[in-house]
Amino acid sequence: MYSGDAEVTRFEMATYGFISELLRESDIACDWQPRGAVAAFYSQADFDRALDKFDRSCVDAPEIVDHLQVVGPNSTAPSLGDLGVGKAKGAIINTMAASLWPYKLVARIVQDQVQEHADFSLHTNTPVTSLE
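Residues numbered from 1 in each chain as written. Predicted model: local features only at pLDDT ≥ 70, side-chain atom pairs only at ≥ 80, totals over all residues. Heavy atoms only, no water.

Asker: Hey, could you run me through the sheet that holds strand 2 (residues 68-71) in this one?
Answerer: Strand pairing in a sheet takes place through backbone hydrogen bonds and is either antiparallel or parallel in direction. Sheet architecture is open: three strands sit in the order 1-3-2, paired in antiparallel fashion. Whereas interior strands pair on both sides, the edge strands pair on one side only; in this sheet they are strand 1 (33-41) and strand 2. Within this sheet the neighbouring strands show an average axis-to-axis angle of 25°, counted without direction. Across the sheet, helix 2 (residues 44-60) lies against strand 1, strand 2 and strand 3 (90-99), angled at about 150° from strand 2, the strand it touches most. (Pairing = 2+ DSSP bridges. Helix = DSSP H or I, 4+ residues; strand = E, 2+ residues; numbered from the N terminus. Axes fitted to C-alpha atoms, helices over the stretch in contact; angles between N-to-C directions. Contact = heavy atoms within 4.5 Å.)

Asker: Teacher, can you tell me more about the confidence of the model for the protein chain here?
Answerer: Low-pLDDT stretches of the model should not have their predicted coordinates read in fine detail. Overall, the predicted model of the protein chain reaches an average pLDDT of 91, with 100% of residues at or above 70. Within the protein chain, the element-level pLDDT minimum falls on helix 1 (residues 6-26), averaging 91, and the maximum on strand 2, averaging 95. (pLDDT = per-residue confidence, 0-100.)

Asker: For this particular structure, what's the right way to read the nonpolar core?
Answerer: Within soluble globular proteins, side chains that are nonpolar generally end up buried alongside one another. Core analysis: the biggest nonpolar cluster contains 13 residues, and Met-1, Tyr-2, Phe-41, Phe-54, Ile-64, Leu-68 and Ile-92 have the highest contact counts within it. Residue assignment for this core shows that the elements contributing at least two residues are helix 1, helix 2 and strand 3. The element contributing the most residues to this core is helix 2, with four residues. Dropping the residues within four chain positions of it, Phe-41 is found in contact with Tyr-2, Asp-46, Phe-47, Ala-50, Ala-88, Lys-89, Gly-90, Ala-91 and Ile-92. By size, the runner-up hydrophobic cluster in this structure holds six residues, among which are Val-71, Leu-80, Val-85 and Ala-88. (Core = buried A, V, L, I, M, F, W, Y, C linked by side-chain atoms within 4.5 Å. Buried < 20%, exposed > 50% of the residue type's maximum accessible area, 1.4 Å probe, protein only.)

Okay, here's the thing in structure tokens:
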């Protein structure tokens, strides 16, 4: 969410809100678990680049400020060690993160469409050519 591009930041925040609301309204069981995420940076250059993007994001999309926390080497509540990244040069905590089971989400959406629309048809042709 701190890409340095306000449009991307707002898109990510809107997507989180949309999925959260969809699951609340539809009662879709897909193991949605809101949780924080920690991005750790193990080189000073990477941490500095992340801080630059973070600063730009906070200026261009100030609504993000309440959802992010920078943790540096002198931070104490929490510290890098508290986050389990004690050897990192710094970290950014994102409180607008979640996990879910994508297959359960998509299967339920398709099931609902089939039940609601007799003429619903799903056509796919996306072959897997490799995994990396």
